[in-house]
Amino acid sequence: MSQAKVVVLCGGAPRHVYVANRLCRSLDVQAIVQEVGRRITPSKLASLAKPEVAARKIGRWLRDRKRYVGNREGEFFFRGAEVRLDRPDLLQRAEFINDTDVFETVRRLAPDVVAVFGTSLIRPPLLGLGRLGMLNLHGGLSPDYRGADCTFWALYNGEPEQVGCTLHFINAGIDTGALIAHVCPEVREGDDELLLFWRAVRDSAEVYVEAVERLSRGKTLGLRQDRKGRLYQVKDRTWAAEREFARRLPGRVVRGVSFPARVKWFGSVETSRPRVDAGTFADV
């Protein structure tokens, strides 16, 4: 087990729970702070009062309900078992990840690494905690695919080879911190957007563990992003984009291409060892 002390900040979806569990199995996790809701502020209420904003929010909710019907994500990550944390004793729930009590918890525990996945944007004073750094798992390949729905946009743009996740240090920008690793999943005939995204997350959990272990051994990780790339926002995924996606990918699945799983490390002084073997996994 790594000697580095870790605090995990995550969301509550099955993929977030899976990654938290994987970190707990190999690392010295001191606490898991799970963001369970977004605070409703006067400014958010005013925004929701705008017809175009309300229509977009409702449309995304309806689309996601359809995409996630049958608990596909839970089945993928937990194979029929209950979706739950392996270490509920470490759990602290927070309405908002930047709440004062979250900051106080992390400051008190003084972790070597803060491991983030699936929360709101981290803001000061929480931003910057972690002796060796604050890491984030992002569901796209930064810098070219930053922000939201990056698997969708990589497929939309005809770049299935650009499907993957980025492990990076967190700074004040959106997915702009120094790169640690790119994790690209195996791409198979008939894969859809969600399956590719989940496969990338599952593979990334292994890389997340190794990154913390490397940092704890004093290895140098992190390479500054050399260009701005592109930021995709939730509002960019319109119904028009959905229709065009369906036209470009009939059946909304990948056809005629295949790629092996691959990992690219950035800024490490030791030779990269492949830790992801696609043959060891069986997708639901």
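Residues numbered from 1 in each chain as written. Predicted model: local features only at pLDDT ≥ 70, side-chain atom pairs only at ≥ 80, totals over all residues. Heavy atoms only, no water.

1. Some details on the environment of Val29
- With respect to the secondary-structure elements, Val29 resides in strand 2 (residues 28-35).
- Assessed through its relative accessible area of 9%, Val29 is described here as buried. (Helix = DSSP H or I, 4+ residues; strand = E, 2+ residues; numbered from the N terminus. Buried < 20%, exposed > 50% of the residue type's maximum accessible area, 1.4 Å probe, protein only.)

2. Here's the deal with the sheet that holds strand 8 (residues 179-184)
- Ordered by their spatial adjacency, eight strands build an open sheet running 3-2-1-4-5-7-8-10, and the pairing between neighbours is mixed. If you trace the sheet from one side to the other, it starts and ends with strand 3 (91-94) and strand 10 (262-265), each paired once. Within the sheet, the average angular offset between the axes of one strand and its neighbour, ignoring direction, is 15°.
- Pairing geometry for strand 1 (residues 5-10) and strand 2, over six bridges, is parallel. By the bridge assignment, Cys10 is partnered in strand 2 with Gln34. (Pairing = 2+ DSSP bridges. Axes fitted to C-alpha atoms, helices over the stretch in contact; angles between N-to-C directions.)

3. Description of helix 7 (residues 193-216)
- Helix length check: helix 7 (24 residues) gives 34 Å between terminal C-alpha atoms against 34 Å at 1.5 Å per residue, within 8%.
- Bending of helix 7 peaks at approximately 25° at the position of Ala205.
- Gly218 occupies a position one or two residues after helix 7 and carries a positive phi of about 85°. (Expected span 1.5 Å × (residues − 1). Bend = angle between axes of the 7 residues up to and from the residue.)

4. Observations regarding the confidence of the model for the protein
- Per-residue confidence for the protein gives a mean pLDDT of 89, with 85% of residues at or over 70.
- pLDDT under 50 marks residues 269-282. Its contacts with residues more than four places away, or in other chains, come to 27 contacts. (pLDDT = per-residue confidence, 0-100. Contact = heavy atoms within 4.5 Å.)

5. Some remarks on the state of the cysteines
- In total, this model carries zero disulfides according to the counting rule given.
- Residue Cys165 stays outside any disulfide, its sulfur separated by 8.9 Å from that of Cys184, the closest cysteine.
- Taking relative accessible area as the criterion, Cys165 reaches 1% and is therefore assigned buried. (Disulfide = S-S within 2.5 Å.)

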